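# Working through the structure, step by step
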Amino acid sequence: MAEATVDRRARTSGPGRAHGAGAYGAGEYGAGSRAGGRLREGLRGYGLITGMWIRSTMTYRMSFLLATFGNGAITALDFVAIAVMFSHVDALGGFTLPETALLYGACSASLGLADLLLGNTDRVGARIRDGSLDTMLVRPVPLLAQVAADRFALRRLGRIVQGLGVLGWAVSVLDVQWTPGKVLLVPVMVVAGAGIFGGVLVAGAAFQFLAGDAAEVQNSFTYGGCTMLQYPPTVFAKELLRGATYVVPLAFVNWLPALYVLGRPDPLGLPGWVAFLSPLVAFAVFLPASLAWRAGVRSYRSTGS
């Protein structure tokens, strides 16, 4: 470990820092192909690592099935609580149960997809403390790909399947005049929402280089944010809605697209076309998050152990 640490520090201080110890640690590239090479190496490394963990998981298929079912059943309790609430009221903030189910299903599926692909980034703080991050830095695979793919938990599919099930039920029973734009917006809402949550996860992981361990702060914006998004925006104060729209744009995960699908006005008075900005917002969140990650890796100086 001491030799790896010395090697790490030597490479971060010299012109060859991009090799192994840079933001991604994927090797040296020419100026024109560096970004594309890092992306290809990252995707390849991510695929190899996740494939290893998937093969390991499928060795015990019954255990995998039970774990997946349990994961979906536990998350389904959130919707059960909402359904019980609607057994006593006809509407919540002017939204019926199917309309609220649209919000719940989209948010749950988006978070589940982001959690499946990038959920393990919340362990960066623990890896910094135990020194295991140093081992990853000397491997010829981008660091973010290693951190995200390590201990890949296929059982998290349970949340995705459960969320998509609720979303499918909501779409089938909603009294909505469907147009091509609204039909297209439903899957875009789920995928773009996963991108937004993914950006928040990466930003939270980058913050752990500074804070040491901020997994709970990260979870407050992901799991806590999804809990908020499961309910209609009309039940929250305008100040909270502004924060969720302009500061941490979680409203683009499902609130704004769902309001367009349902034909409802936005409480903040935003025009309907902003519902189609979710993919752009996902990019706008992920880009600075990736830059923050690179800055965090560059500032890392090992545990010294």
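Above this note sits the structure.
Let us look at the structure shown here. Bear in mind that the values here come from a model prediction, so they are computed numbers and not experimental data. All chains use their own residue numbering, which begins from 1 and follows the written sequence. Only residues with pLDDT of 70 or above have their local features reported here, since the model is predicted, and side-chain atom pairs are shown and tallied only from 80 upward, although totals for entire chains, interfaces and linings are computed over all residues. Where side-chain values are given, they derive from all heavy atoms of the structure, hydrogens and water being excluded.

## A short note on the state of the cysteines
Using the following cut-off: By disulfide we mean two sulfur atoms from cysteines, separated by a distance within 2.5 Å. Only runs of H or I of at least four residues qualify as helices and only runs of E of at least two qualify as strands under DSSP, and these elements are numbered from the N terminus. Think of it in three bands: with a 1.4 Å probe and only protein chains considered, a residue is buried below 20% of the maximum accessible area for its type, exposed above 50%, and partly exposed in between.
On inspection of all chains with the given rule, the structure shows one disulfide. Across the disulfide from Cys 107 sits Cys 226; the S-S distance is 2.4 Å. Highlighted residues: Cys 107 in helix 4 (residues 97-118) and Cys 226 in helix 10 (residues 215-229), separated in sequence by 119 residues. Side by side, Cys 107 and Cys 226 carry an identical accessibility label, which is buried.

## A short note on the side chain of Asp 266
Put simply, the rule reads: Neither His nor the chain termini are counted; the positive set is Lys and Arg, and the negative set is Asp and Glu. Any carboxyl oxygen of Asp or Glu within 4 Å of a side-chain nitrogen of Lys or Arg constitutes a salt bridge here. N or O atoms within 3.5 Å of each other form a polar contact, as long as, within protein, one can give a hydrogen and the other can take it, and as long as residues adjacent in sequence are counted only when both atoms are side-chain atoms. Contacts between residues were defined by any pair of non-hydrogen atoms, one from each residue, lying within 4.5 Å.
Structurally, the position occupied by Asp 266 is in the loop between helix 12 (255-262) and helix 13 (278-299). Despite its burial, Asp 266 pairs with no opposite charge, the nearest such side chain being Lys 238 at 8.5 Å. Within the structure, the side chain of Asp 266 is placed 3.0 Å from the backbone nitrogen of Leu 268, a separation counted as a polar contact. In contact with Asp 266, other than residues within four places in its own chain, are Leu 256 and Leu 259.

## Notes on the nonpolar core
Quick reminder of the rule: In this description, a nonpolar core means a group of buried Ala, Val, Leu, Ile, Met, Phe, Trp, Tyr and Cys residues linked to one another through side-chain atoms lying within 4.5 Å.
Counting 74 residues, the largest nonpolar core has Leu 102, Phe 197 and Trp 293 as the members making the most contacts within it. Considering each element in turn, this core owes the most residues, 12 residues, to helix 9 (residues 180-211).

## Digging into helix 3 (residues 61-86)
Basically, it comes down to this: Under the convention used throughout, the expected extent of a helix is 1.5 Å for every residue step, that is, one less than its residue count. Think of it this way: the bend at a residue is just the angle between two axes, each fitted to seven residues, one set ending at that residue and the other starting at it.
Here helix 3 contains 26 residues, and its C-alpha end-to-end distance of 37 Å stays within 8% of the 38 Å for a straight helix at 1.5 Å per residue. Within helix 3, the axis deviates most sharply at Leu 77, by approximately 30°. When helix 3 is considered as a whole, its buried residues turn out to be Phe 64, Thr 68, Gly 72, Thr 75, Phe 79, Ile 82 and Phe 86.

## Here's the deal with a nonpolar patch on the surface
Selection rule: Patches draw on residues past 30% relative accessible area with no salt bridge. Two like charges within 9 Å are joined, as are two nonpolar side chains (Val, Leu, Ile, Met, Phe, Trp, Tyr) within 5 Å. The accessible surface values rely on the Shrake-Rupley method and a 1.4 Å probe; as for residues, cover is taken only from the protein chains in view.
A contiguous nonpolar patch, built from Phe 207, Leu 210, Val 217 and Phe 221 and spanning about 400 Å² of accessible area, is present on the exposed surface. Look at Val 217 and you get partly exposed, because its relative accessible area is 42%.

## Things to note about helix 8 (residues 157-173)
Across its 17 residues, helix 8 extends 25 Å between first and last C-alpha, which sits within 8% of the 24 Å expected from 1.5 Å per residue. Buried within helix 8 we find Gly 158, Arg 159, Ile 160, Gln 162, Gly 163, Val 166, Leu 167 and Ala 170. Against the buried residues of helix 8 lie helix 3, helix 4, helix 9 and helix 10.

## Topic: the packing of helix 3 against helix 8
Stated precisely, the cut-off is as follows: Between N-to-C directions, angles cover 0 to 180 degrees, with each direction set by a line fitted to C-alpha atoms, over the stretch in contact for helices. Any angle that is under 35 degrees is reported as roughly parallel, and any over 145 degrees as roughly antiparallel; angles of 65 to 115 degrees are reported as roughly perpendicular and all others as oblique. Crossing handedness is defined as follows: a turn of the near helix away from the far one that is anticlockwise and smaller than a right angle gives a left-handed crossing, while the clockwise case is right-handed. When residues are sorted by character, Ala, Val, Leu, Ile, Met, Phe, Trp, Tyr, Cys and Pro go into the nonpolar class, Asp, Glu, Lys and Arg into the charged class, and all the rest, Gly among them, into the polar class.
Where helix 3 meets helix 8, the axes come as close as 7 Å, and the angle between the chain directions of the two elements is 45°. Considering their axes alone, helix 3 and helix 8 lie oblique with respect to each other. Helix-helix and strand crossings are classified by hand; for helix 3 and helix 8 the assignment is right-handed. Two secondary-structure elements touch here, helix 3 through Thr 68, Asn 71, Gly 72, Thr 75, Ala 76 and Phe 79 and helix 8 through Leu 157, Gly 158, Arg 159, Gln 162, Val 166 and Trp 169. Taken together, the residues of the contact of helix 3 with helix 8 sort by class into five nonpolar, six polar and one charged.

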